[in-house]
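# Residue-level structure breakdown
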Amino acid sequence: MDIEKLIKELKEALLTLLGNKYKEFKPEIQKDITVFLKDSEEKLKRWIQLLAEDSITKEEFEWLLKSQKDLLTLKALQTVGISKIRLNNIKNSILKTIFDIVLAAVIK
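Below, the structure is looked at part by part.

Let us now look at the packing of aromatic side chains. The tally for this structure, following the rule as stated, stands at one aromatic pair. On the basis of an interplanar angle of 20° and a centroid distance of 6.1 Å, the ring pair of phenylalanine 61 and phenylalanine 99 is categorised as stacked. Residue phenylalanine 61 is found in helix 3 (residues 58-66), and its partner phenylalanine 99 is found in helix 5 (residues 84-106); the two are separated by 38 residues along the sequence. Both residues of the pair, phenylalanine 61 and phenylalanine 99, belong to the buried class.

Laid out in structure tokens, this is it:
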């Protein structure tokens, strides 16, 4: 499995999904997702590898992803005045998308 390619696919999928869902904030979302994936890239790679090797379960992987929720600050979106409830919904969408894409790639 090519983890670098998977990370790139994650970024593209997140940008597409959230860019379409929140069109009015597309530039801010792109910036926030890029920052988050850059900051989390090493952890994601390690966790994806562990999942692929069956060293962790999909539940453990999901828990690890959720542990990153606080790191997903979405600062650019905060500056345009999005409510905390909406920010949490966006964060949950991001983490669920990552989880779904990784599972589809790893567990066949």
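Anyway, onward from the coordinates.
Let us now look at the environment of aspartate 70. Relative to the elements of secondary structure, aspartate 70 occurs in the loop between helix 3 and helix 4 (75-79). Overall, the relative accessible area of 68% leaves aspartate 70 in the exposed class. Placed 21 residues apart in sequence, aspartate 70 and lysine 91 show a C-alpha to C-alpha distance of 9.0 Å.

Compared with an ideal rise of 1.5 Å per residue, which puts 27 residues at 39 Å, helix 2 (residues 26-52) spans 32 Å between its outermost C-alpha atoms and falls more than 12% short. The largest bend along helix 2 measures about 60° and falls at glutamate 41. Among the residues of helix 2, Ile29, Asp32, Ile33, Phe36, Leu37, Ser40, Leu44, Lys45, Trp47, Ile48 and Leu51 are the ones counted as buried. If you follow the buried residues of helix 2, they end up packed against helix 1 (3-21), helix 3, helix 4 and helix 5. Once helix 2 finishes, aspartate 54 follows within two positions and takes phi at roughly 60°, a positive value.

Ranked by size, the top nonpolar core spans 34 residues in total, and within it Phe61, Ile94, Ile98 and Val102 carry the most contacts. Counting residues per element, the ones that place at least two in this core are helix 1, helix 2, helix 3 and helix 5. Among the elements that make up this core, the one with the highest residue count is helix 5 (nine residues). Dropping the residues within four chain positions of it, isoleucine 98 is found in contact with Leu10, Leu14, Phe36, Leu37, Leu44 and Leu65.

Conventions and cut-offs
Residues numbered from 1 in each chain as written. Predicted model: local features only at pLDDT ≥ 70, side-chain atom pairs only at ≥ 80, totals over all residues. Heavy atoms only, no water. Phe/Tyr/Trp six-rings, centres within 6.5 Å; stacked < 30°, edge-to-face > 60°. Helix = DSSP H or I, 4+ residues; strand = E, 2+ residues; numbered from the N terminus. Buried < 20%, exposed > 50% of the residue type's maximum accessible area, 1.4 Å probe, protein only. Expected span 1.5 Å × (residues − 1). Bend = angle between axes of the 7 residues up to and from the residue. Contact = heavy atoms within 4.5 Å. Core = buried A, V, L, I, M, F, W, Y, C linked by side-chain atoms within 4.5 Å.

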